[in-house]
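Secondary and tertiary structure notes
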Amino acid sequence: MRSPIRLERRLEQPKWLNWAVPLISLVVALVLGAIVLWLTGKNPIDVYQRIFERGFAGKKAFSGALEMATPLAFTGLCAAVAFRMGLINIGGEGQFYVGAIGAAWVGIAIGSAPTGITIALMCLAGMVFGSIYAAIVGLLRAKFNTNEIITSLMMNYLAGILLNYLIFNSTSYWRNPDSPQFPKSKDIAARADWNTYKIFGVEMPIAFLISMLAGVALWFLYKRTRFGFEVSVIADSPKAARYAGIRTSSTIVIVLALSGALAGLGGAADVGNFRGLLDAKGLQMAGYGYTGIVVAALARRNPITTIFVAIFIGGLTKAGYSLQGPDFPSGLVGTLQGLILFTAVAGEILIKYRLRTNVSRAAAVAA
Amino acid sequence: MNSNIFVIIISSAIFYGTPLFYAALGGILTERSGVLNLGVEGTMLIGGVSGAWACLHIGGSAWFTVTMSILVGALAGGLVSTLLAFLCITLKTNQTVAGLAITIFAGAVGLSSYFANIWKVAKTPVPRPIRTMDVFGLADTPVLGPILFRQTSLTYVSWLLAIVATVYLFRTRVGLQLRAVGESPQTADAMGISVIRYRYIHTILGGALAGIGGVFYSLAIVPTWVDGMTKGAGWIAIALVIFGFWRPSLTLLGAYLFGALQSLSSTLKARGVDISGDILDALPFIMTIVVLVLVSSRFAHRRLGAPAALGVPYEREER
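This is a predicted model, so every value here is computed, not measured.

Conventions adopted
Residues numbered from 1 in each chain as written. Chains lettered and ligands numbered in written order. Predicted model: local features only at pLDDT ≥ 70, side-chain atom pairs only at ≥ 80, totals over all residues. Heavy atoms only, no water. Helix = DSSP H or I, 4+ residues; strand = E, 2+ residues; numbered from the N terminus. Rg over C-alpha atoms; globule rule 2.2 N^0.38 Å. Buried < 20%, exposed > 50% of the residue type's maximum accessible area, 1.4 Å probe, protein only. Areas by Shrake-Rupley, 256 points an atom, 1.4 Å probe, with all protein chains shown as cover. Lys, Arg positive; Asp, Glu negative; His and termini not counted. Charge placed at Lys NZ, Arg CZ, Asp CG, Glu CD. Contact = heavy atoms within 4.5 Å. Axes fitted to C-alpha atoms, helices over the stretch in contact; angles between N-to-C directions. Left-handed = near helix turned anticlockwise from the far one by under 90°. Patch = residues over 30% accessible without salt bridge, like charges linked within 9 Å, V, L, I, M, F, W, Y side chains within 5 Å. Salt bridge = Lys/Arg side-chain N within 4 Å of Asp/Glu carboxyl O. Buried area = accessible area lost by both parts, 1.4 Å probe. Parallel < 35°, antiparallel > 145°, perpendicular 65-115°, else oblique. Nonpolar A, V, L, I, M, F, W, Y, C, P; charged D, E, K, R; others polar. Polar contact = N/O pair within 3.5 Å; in protein donor to acceptor, adjacent residues only side chain to side chain. Phe/Tyr/Trp six-rings, centres within 6.5 Å; stacked < 30°, edge-to-face > 60°. Lys NZ or Arg CZ within 6 Å of the ring centre and 35° of its normal. Expected span 1.5 Å × (residues − 1). Core = buried A, V, L, I, M, F, W, Y, C linked by side-chain atoms within 4.5 Å.

Within chain A, the regular secondary structure consists of 15 helices and 4 strands. Computed over its C-alpha atoms, the radius of gyration of chain A comes to 22 Å, within 12% of the 21 Å expected for a compact globule of 367 residues. Projected onto the principal axes, the alpha-carbon positions of chain A cover approximately 85 × 60 × 40 Å. Each of the 367 residues in chain A was classed as buried or not, and the buried ones make up 55%. Roughly 16,700 Å² of accessible area belongs to chain A as shown, and the carbon and sulfur atoms make up 64% of that amount. Side chains of chain A carry 33 positive and 17 negative charges; the gap between the two charge centres is 10 Å.

The following block contains the structure:
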């Protein structure tokens, strides 16, 4: 049995494919999504038009896209940083929760402090908590060769249970004693510190600026430093890395800690910049960590591209939330995100391989 | 006697362990062929929502409706994993990312939730749930009754499947060839075995079994569809495959151990035992991590029978 199409490994990878393939993947995903919509009796053009209007068109919509993009930029960077070394950290979700818990703790504790100090301390707490939580996964992987995918995922569930415990099932430090009927966390007193700037009428949260800085810093780290070079050697060939004397185990732990720190920073932003408290239920409903994986895959692990992709996926998600109703079922946006991930993964193949039909080969042989 | 807490824990361990076993058995078949399916969670959810849909729309006797629902769930699971097979086997994509894509696409906030919405199956109790049976009228026998004779039909089928799968894998020619494909596809190819065909068939079969596991959630455990109702069971099933050393018999025991952990919180709460529900809820996840750490050293992995070509796309030597 010969298949009509063959994959042939490319000897060199043209540069233009690096941006063309993700774009094509995106278009194919939207076409597949349209087919799903059409098969289930919806008008695809109508649905896409409404997503575009609510997600991107106009200053208000774009402000919403940036707000939603902020957590996704952090979780996207979290996934991208680990992908770069061939590690699959799907624990961004849990690291985000834990970072939020840490940042809320600091935010509640300091009450009111001089401007800037609150933000710095909350961010620091989020990063420390997130990185410790992710470093556990890294240690298990480095010491016992335990598959990081499943452990990091299990730790997402554990972090969710911890959140529920802190807010719903205990009288913890985080829980607001004034609201016994409707359990919620204490408010962050100094949240006014977390600014939102107006640029050309578009509201830009300070946390989004932080995520842009983080993206640039990561780009620098991976492209211009010795550490970044070592990471790419390990990703390409762990054997070569060992012969070159690169300490693979400690690099695994450091990369996962860095990855977790980014997700934790996102958690801090969620508490400080957006919700103003530790929202146990809202955090678990949002699923930022999982969406971050889609962002990183579509951005092809490039930290700067990740920020732009986060804006796109953020607008899509925001539109999904605001349109949700009887003729715009929940789950639609998740399905679209899944399709984007599929086509992004399949698109990687076009970068590595060349599609050849057996017909043309036969013709070539004949000639 | 039959209200003894240990009897209840063991009988509910078998009940809650059944869907885990279906999904894990599917995982064994898939992984034995060398394909790693990380999309089990999403596949189970699609199976579960399709089964609930079928149960609401297919009339006839209770027996017929339930059987059809199970088959529809299996079919849906098989279809989802055909997509995975296409990505991993034909397009040779990275299997971990492809599996993850399946789970995000089909998962709790994806296609399964979308289907539940447009089919209006959410929050409607299924009319004909899978009930526990009274086998030979022995269900009230002391101790053994609730454990062995008051289970669901799917549980009894799963015992049969465990035997069939063991014989298939280790005592038949096709099973031997399957293991060859997972261990060394080059050798298998040289022997004239179609690596592609074996991998496709067993990936799809594995997805169908995961789909049945999902149906058990929406028709037996809850019996109502709830978005994301498997709550990580698919991931636990993936760990169970490793825990059971890629053997159906050991995996069955592992599934019941995890079934016990999952049911412990509701069992103890019903008994008025004062213990934090959060800690009990966390147990299956903590245990999964512990088990993975114990069996995952490189040495243990090879000795315990991990297929050598697991997760590696097969390419014929390029000319």
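After presenting the structure, the write-up continues.
This part covers the overall build of chain B. When you go through chain B residue by residue, the secondary structure sums to 14 helices and 0 strands. Its helices and strands taken in sequence order, chain B reads α-α-α-α-α-α-α-α-α-α-α-α-α-α from the N to the C terminus. Relative to a compact globule of 319 residues, whose C-alpha radius of gyration would be 20 Å, chain B shows 20 Å and is just as compact. The principal-axis extent of the C-alpha atoms belonging to chain B is close to 65 × 45 × 40 Å. Expressed as a percentage of the 319 residues in chain B, the buried residues total 59%. In chain B, the share of contacts with a sequence separation of at least 24, taken over all contacts with a separation of at least 6, comes to 77%. Accessible area of chain B: about 13,000 Å², with a carbon and sulfur share of 68%. Each charge class in chain B can be summarised by its mean position, and for the 21 positive and 13 negative side chains these summaries are 6 Å apart.

This brings us to the packing of helix α5 (residues 117-144) of chain A against helix α10 (residues 248-275) of chain A. Look at α5(A) against α10(A): their axes get within 6 Å of each other, and the N-to-C directions meet at 145 degrees. For the crossing formed where α5(A) meets α10(A), the hand is right-handed.

Time to look at a nonpolar patch on the surface. A surface patch of nonpolar side chains, amounting to about 780 Å² of accessible area, comprises I24(A), V27(A), V28(A), V31(A), L32(A), I35(A), W38(A) and L39(A). Mapped onto the elements of the fold, I24(A) is located in helix α1 (residues 17-39).

Contact residues are listed per partner, giving 40 residues for chain A and 44 residues for chain B. The largest share of the area that chain A buries against chain B comes from I150(A), M154(A) and F342(A), three residues that together contribute 17% of it. In this structure, the connection of chain A to chain B is made through 0 salt bridges.

Now for the pattern of salt bridges. Residues and elements named next belong to chain A. Counting across every chain of the model gives 8 salt bridges over all chains. The partner of D279 in a salt bridge is R275, with the nearest N and O atoms 3.4 Å apart. E348 serves as the salt-bridge partner of R300, at 2.7 Å between the closest nitrogen and oxygen. Of this pair, R300 sits in the loop between α12 (288-298) and α13 (303-323) while E348 sits in helix α14 (residues 332-352), and the two are 48 residues apart along the sequence. Several salt bridges converge on common partners, so that one network encompasses D270, R275 and D279.

Right, let's get into the packing of helix α7 (residues 153-171) of chain B against helix α12 (residues 248-270) of chain B. Packed helices, taken two at a time, are described by the angle their axes make and the gap between the axes. All names here are of chain B. Two numbers describe how α7 lies on α12: the axes approach to 9 Å, and their chain directions differ by 150 degrees. Accordingly, the angle class assigned to the pair α7 and α12 is roughly antiparallel. Together, T155, S158, W159, A162, A165, T166, L169 and F170 of α7 and P248, S249, L252 and Y256 of α12 make up the contact between the two elements. The residue makeup of the contact of α7 with α12, split by class, is 8 nonpolar, 4 polar and no charged.

Assignment of secondary structure puts E41(B) in helix α2 (residues 40-57). Buried charge without a partner: E41(B) forms no salt bridge, and the closest opposite charge is K231(B), 10.0 Å away. At 3.4 Å, the side chain of E41(B) forms a polar contact with the backbone nitrogen of A233(B). With residues up to four places along the chain from it excluded, the contact list for E41(B) reads Y157(A), T103(B), T230(B), K231(B), G232(B), A233(B), G234(B) and W235(B).

Further remarks concern the packing of aromatic side chains. Aromatic ring pairs are defined here through the distance separating the ring centres and the angle between the ring planes. A full pass over the atoms with the stated rule returns 14 aromatic pairs over all chains. Between Y157(A) and F285(B), the aromatic rings sit 4.7 Å apart at their centres with planes inclined by 5 degrees, giving stacked as the arrangement. Remark: F285(B) occurs in helix α13 (residues 277-295) and Y157(A) occurs in helix α6 (residues 148-167); the pair is interchain, linking two chains. Ring geometry for W53(B) against W119(B): centres 5.5 Å apart, planes inclined by 40 degrees, an arrangement best described as tilted. Of this pair, W53(B) sits in helix α2 while W119(B) sits in helix α5 (residues 111-119), placing them 66 residues apart in sequence. For W119(B), a relative accessible area of 26% gives the class partly exposed. Members of the aromatic cluster, each reached through a chain of ring pairs, are W53(B), Y114(B), F115(B) and W119(B). The cationic tip of K186(A) hangs over the ring face of Y173(A); the distance from NZ or CZ to the ring centre is 4.4 Å.

Take unusual backbone geometry next. Residues and elements named next belong to chain B. Of note, V143 is a non-glycine position whose phi angle comes to about 60 degrees, a positive value. Looking at the element boundaries, V143 is found in the loop between α5 and α6 (144-149). Residues other than glycine seldom take positive phi values, yet K231 does so here, at roughly 45 degrees. Mapping K231 onto the fold places it in the loop between α10 (195-221) and α11 (233-243). Relative accessible area serves as the criterion here: at 59%, K231 is assigned to the exposed category.

This part is about α7(B). Residue and element names in this part refer to chain B. Between its first and last C-alpha atoms α7 spans 26 Å; for 19 residues at 1.5 Å apiece the expected length is 27 Å, and the two agree. Among all positions of α7, only L154, T155, Y156, S158, A162, A165 and L169 are buried. Elements in contact with the buried residues of α7: α1 (5-32), α3 (62-90), α6, α8 (173-183), α10 and α12.

Next up on the list: the nonpolar core. L278(A) and W235(B) are the most contacted members of the largest nonpolar core, which totals 203 residues. In this structure W235(B) touches I90(A), I149(A), I150(A), L153(A), M154(A), Y157(A), L38(B), E41(B), L100(B) and T103(B), once residues within four positions along its chain are discounted. Within the second largest apolar cluster, 6 residues are counted, among which are I9(B), A260(B), L268(B) and L280(B).

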